[in-house]
Amino acid sequence: QVQLVESGGGSVQSGGSLRLSCAASGGTFSHYAVGWFRQAPGKEREFVAVISWRDGIYTNYADSVKGRFTISRDNAKNTVYLQMNSLKPEDTAVYYCAARAGSYASLLMGEYGNWGQGTQVTVSS
């Protein structure tokens, strides 16, 4: 089992940028696909982005963040990043990273068994 810790959240104005990090320990990180999900107040948790295992050649994004967010990984540092640009107030949420062993880069929360504690992102207009 891999343990995950998110960091990099904060408060920014609309149009600003943040980079979230998801640091892993306790497993062979390159063997895991990693996804980012978010949950806004009063809403269900939703998919944001995913990156495949090993070299991370496959990525996928929610339509709402395409062209603004970029997911990447550095296996040497056991870390996955979410670069968030052109942030909007509707991006305000707690952001979670999650990992699943194997090659399948799922968009579904139920496919992930390892979760971090979340990091708050607040975007003001």
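Keep in mind the model is a prediction, meaning the values are calculated, not measured.

1. Structural notes on the packing of aromatic side chains
Link 1 in the chain: Taken as a whole and assessed by the stated rule, the structure comprises five aromatic pairs.
Link 2 in the chain: The interplanar angle of 70° and the centroid separation of 5.4 Å between the aromatic rings of F37 and Y112 together place this pair among those described as edge-to-face. Taken together, the residues F37 in strand β4 (residues 32-39) and Y112 in the loop between β9 (93-101) and β10 (114-115) connect sequence positions 75 residues apart.
Link 3 in the chain: Under the relative-accessibility criterion, F37 is labelled buried at 0%.
Link 4 in the chain: Judged by centre distance (6.4 Å) and plane angle (75°), the rings of Y96 and W115 are edge-to-face.

2. A look at the state of the cysteines
Link 1 in the chain: One pass over the structure, following the stated rule, counts one disulfide.
Link 2 in the chain: Paired through a disulfide, C22 and C97 show a sulfur-sulfur distance of 2.1 Å. Where C22 bonds to C97 through sulfur, the torsion about that S-S bond is close to 70°, and the disulfide is right-handed. On the criterion of sequence distance, the pair formed by C22 in strand β3 (residues 18-25) and C97 in strand β9 is long-range, its members being 75 residues apart. There is no split in this pair, since C22 and C97 are both buried.

3. Comments concerning the pattern of salt bridges
Link 1 in the chain: Applying the stated criterion to the full structure yields five salt bridges.
Link 2 in the chain: R38 is paired through a salt bridge with E46; the nearest N and O atoms lie 2.7 Å apart.
Link 3 in the chain: Notably, a salt bridge pairs K66 with D63, separated by 3.2 Å at the nearest N-O pair.
Link 4 in the chain: With a relative accessible area of 65%, D63 lands in the exposed category.

4. Points about unusual backbone geometry
Link 1 in the chain: One non-glycine residue, R54, lies in positive phi territory at about 55°.
Link 2 in the chain: Following the sequence through the fold, R54 ends up in the loop between β5 (46-51) and β6 (59-61).
Link 3 in the chain: Taking relative accessible area as the criterion, R54 reaches 48% and is therefore assigned partly exposed.

5. A closer look at the sheet that holds strand β7 (residues 69-74)
Link 1 in the chain: Spatially, four strands are ordered β1-β3-β8-β7 in an open sheet, and the strand pairing comes out antiparallel. Every other strand in the sheet has two partners, leaving β1 (3-7) and β7 as the edge strands with one partner each. Within the sheet, the average angular offset between the axes of one strand and its neighbour, ignoring direction, is 15°.
Link 2 in the chain: Pairing between β1 and β3: five bridges, direction antiparallel. By the bridge assignment for β3, E6 is matched with C22.

The rules we used
Residues numbered from 1 in each chain as written. Predicted model: local features only at pLDDT ≥ 70, side-chain atom pairs only at ≥ 80, totals over all residues. Heavy atoms only, no water. Phe/Tyr/Trp six-rings, centres within 6.5 Å; stacked < 30°, edge-to-face > 60°. Helix = DSSP H or I, 4+ residues; strand = E, 2+ residues; numbered from the N terminus. Buried < 20%, exposed > 50% of the residue type's maximum accessible area, 1.4 Å probe, protein only. Disulfide = S-S within 2.5 Å. Salt bridge = Lys/Arg side-chain N within 4 Å of Asp/Glu carboxyl O. Pairing = 2+ DSSP bridges. Axes fitted to C-alpha atoms, helices over the stretch in contact; angles between N-to-C directions.

By themselves, these observations are geometric and do not establish any function.
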